[in-house]
Amino acid sequence: MLDLRGKIAFVTGAGSVGDDPDATIWGNGKATAVLLARQGAKVFGVDLRQEAADVTKAIIEREGGTCATRSVDMTNAKQVEAAVEHCVGQFGSIDILVNNVGGSAPGSAVTMPEEVWDSQLDHNLKTAFLGCKYVIPVMEKQGKGAIVNLASIAGLSMSADRAHIAYSTTKLGLFAFSKSTAITYAAQGIRCNTVVPGLMHTALVEHRLAKTIGANDLQGLIDRRNAQCPTGEMGNAWDIAHAVLFLASDEARYITGTEIIVDGGLTTARSNV
Ligand SMILES: NC(=O)c1ccc[n+]([C@@H]2O[C@H](COP(=O)([O-])OP(=O)(O)OC[C@H]3O[C@@H](n4cnc5c(N)ncnc54)[C@H](O)[C@@H]3O)[C@@H](O)[C@H]2O)c1
């Protein structure tokens, strides 16, 4: 089940904010890279910060897996193209692409500076576009491949007290991006789906949100996020990684152009009020 032996996985944002090698709370890309490697895939992990990707590589290698890394800005076409060539040169193919890079910036249509709007579109949409632009031709030659894009429930459910208009817009845009890609390449054996995380207890919460929206009160922030979830607690990066693993695996061979929402029922609960 969910056997990825013989497959090559290209994972973007394979590091995690907070690079402490002993950290137990990880980002989604890091957990995904490690889980895919545990299932037998050889992982090519790219990250803006080589040192973050190398922490992931060390974990995978310590567990007996195979991982290569490269410092790549996923918003830069030349760097993405070179990374894809590097991966194919080293491992011979790309069977799985996980477009994990993304993140939010606060602001409404009025308060968000134009340059932040532009950089959010690059960070959340162009990164997936460039990943697909250079990896899909490799998958077309192989006649198979699985792509998983990481969105967010911020694209489905808005909060009146915390606008991040570009994040909500781009993350919902990824639904259409995935569906369009899925239908265009379905006949070539390439699948494309979206994983939609809810409120997750990831490294982001510990290292960034505690400062930006948590007034430096990490436990208070965790308590507030847990209280919003119907299950009483946030999910974590492993919950996302398992959804990515399923969609990337051959068991999901007939699933394309759709989403898995991993939010403990949060969007359903919100839509019922
Ligand atoms: N953490 C959450 O609670 C949460 C919730 C909903 C959705 N998501 C989505 O999950 C994905 C991963 O989020 P996370 O919080 O786990 O990630 P993260 O913030 O821990 O970042 C993962 C890695 O991406 C790298 N990165 C940033 N910009 C990059 C670029 N331009 N090119 C290459 N690498 C880059 C960072 O260096 C970092 O190591 C994102 O798309 C995010 O929007 C996360």
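Please refer to the structure higher up on the page.
Just so you know, these numbers come straight off a predicted model, no measurement behind them.

Engineer: Which parts of the structure should I look at to understand the side chain of Thr12?
Structural biologist: Examined against the element boundaries, Thr12 turns out to sit in strand S1 (residues 8-12). What makes Thr12 buried here is its relative accessible area of 1%. A polar contact of 2.9 Å, which involves the side chain of Thr12, links it to the backbone nitrogen of Asn100. Residues in contact with Thr12, not counting those within four places in the same chain, are Val46, Met74, Val98, Asn99, Asn100 and Val101.

Engineer: I tried to follow the pattern of salt bridges on my own but got confused; where do I start?
Structural biologist: Opposite charge on two side chains allows them to pair when their charged atoms are near. Enumeration over the complete set of coordinates arrives at 6 salt bridges. Here Arg38 ties to Glu63 by a salt bridge, and the two come within 2.7 Å at their closest N and O atoms. Placement of the pair is Arg38 in helix H1 (residues 28-38) and Glu63 in the loop between helix H2 (50-62) and strand S3 (67-71), with a sequence separation of 25 residues. The partner of Asp95 in a salt bridge is Lys144, and the shortest N-O contact between them spans 3.0 Å. Taken as a pair, Asp95 in the loop between helix H3 (77-91) and strand S4 (96-99) and Lys144 in the loop between helix H4 (114-142) and strand S5 (145-150) lie far apart in primary sequence, 49 residues in all.

Engineer: Quick question: what am I supposed to make of the site of the ligand here?
Structural biologist: Surveying the vicinity of the ligand reveals 28 residues, the closest of which are Asn28, Asp47, Asn100, Tyr167 and Thr202. At 2.7 Å, a side-chain N or O of Tyr167 approaches an oxygen atom of the ligand. For the ligand, an oxygen atom lies 3.4 Å from a polar atom in the backbone of Met200. Considering the ligand on its own, with 840 Å² of exposed area, one finds that the protein chains cover 93% of that surface. In terms of residue class, the shell around the ligand is made up of 11 nonpolar, 12 polar and 5 charged.

Engineer: Is there a simple way to think about unusual backbone geometry in this case?
Structural biologist: A negative phi angle characterises most non-glycine residues, just as the trans form characterises most peptide bonds. Positive phi, close to 55°, is recorded for Leu2, a residue that is not glycine. Locating Leu2 in the fold gives a position in the segment before S1.

Engineer: Explain the packing of aromatic side chains here, please?
Structural biologist: Any aromatic ring pair is given by two values, namely how distant the centres are and how the planes are angled relative to each other. Tallied over the entire structure, the rule returns 2 aromatic pairs. Judged by centre distance (5.5 Å) and plane angle (25°), the ring pair of Phe10 and Phe44 falls under stacked. Taken together, the residues Phe10 in strand S1 and Phe44 in strand S2 (residues 42-47) connect sequence positions 34 residues apart. Pair check on accessibility: Phe10 and Phe44 agree, each one buried. A centroid spacing of 5.3 Å and a plane angle of 45° characterise the contact between Trp26 and Trp238, whose relative ring orientation is tilted.

Engineer: Help me understand the packing of H1 against H2, please; the structure alone is not making it clear to me.
Structural biologist: In contact at an axis separation of 10 Å, H1 and H2 are set at 25° when each is read in the N-to-C sense. Judged by the inter-axis angle, H1 sits roughly parallel to H2. By crossing handedness, the relation of H1 to H2 is classed as right-handed. Of the residues in H2, those in contact with Lys30, Ala33, Val34 and Ala37 of H1 are Val55, Thr56, Ile59 and Ile60.

Engineer: Would you explain a nonpolar patch on the surface in this entry?
Structural biologist: Taken together, the side chains of Leu156, Leu172 and Ile261 present a nonpolar region at the surface, about 230 Å² in accessible area. Inspection of the secondary structure puts Leu156 in the loop between S5 and helix H5 (165-185).

Reading the values: rules and limits
The written sequence of each chain sets the order in which its residues are numbered from 1. This being a predicted model, a pLDDT of at least 70 is required before a residue's local features are given, and a value of 80 or more before pairs of side-chain atoms are given or counted; all residues contribute to the totals for chains, interfaces and linings. Based on all heavy atoms of the structure, the side-chain values leave hydrogens and waters out of the count. Helix numbers and strand numbers start at the N terminus; a helix is a DSSP run of H or I with at least 4 residues, a strand a run of E with at least 2. Buried means the residue's accessible area, taken with a 1.4 Å probe over protein chains only, is under 20% of the maximum for its type, while exposed means over 50%, and partly exposed covers the values in between. Distance and chemistry together define a polar contact, namely a pair of N or O atoms within 3.5 Å, with one atom able to donate a hydrogen and the other to accept it when in protein, and with adjacent residues in sequence counting only for side-chain atoms on both sides. The contact definition used throughout considers only heavy atoms, calling two residues in contact when any of these lie within 4.5 Å. Here a salt bridge means any side-chain nitrogen of Lys or Arg lying within 4 Å of a carboxyl oxygen belonging to Asp or Glu. Near is defined per residue: the residue qualifies when any heavy atom it owns lies within 4 Å of the molecule or strand. In short, Shrake-Rupley with a 1.4 Å probe defines the accessible areas, and a residue's cover is counted only from the protein chains shown. Residue polarity follows a fixed list, in which Ala, Val, Leu, Ile, Met, Phe, Trp, Tyr, Cys and Pro are nonpolar, Asp, Glu, Lys and Arg are charged, and the others, Gly among them, are polar. Pairing of aromatic rings covers Phe, Tyr and Trp, the last counted by its six-membered ring, and requires centre-to-centre distances within 6.5 Å; plane angles under 30 degrees mean stacked, over 60 mean edge-to-face, and any other angle means tilted. Whenever a helix is involved, its axis is fitted only over the stretch in contact; in every case the axis is a line through C-alpha atoms, and angles between N-to-C directions fall within 0 to 180 degrees. Orientation categories follow fixed angle ranges, with anything under 35 degrees roughly parallel, anything over 145 roughly antiparallel, 65 to 115 roughly perpendicular, and all other angles oblique. Handedness of each helix crossing follows the sense of rotation of the near helix against the far helix: counterclockwise by less than a right angle gives left-handed, clockwise gives right-handed. Residues enter patches when they are more than 30% accessible in relative terms and free of salt bridges; like-charged ones are connected within 9 Å and nonpolar ones (Val, Leu, Ile, Met, Phe, Trp, Tyr) within 5 Å.

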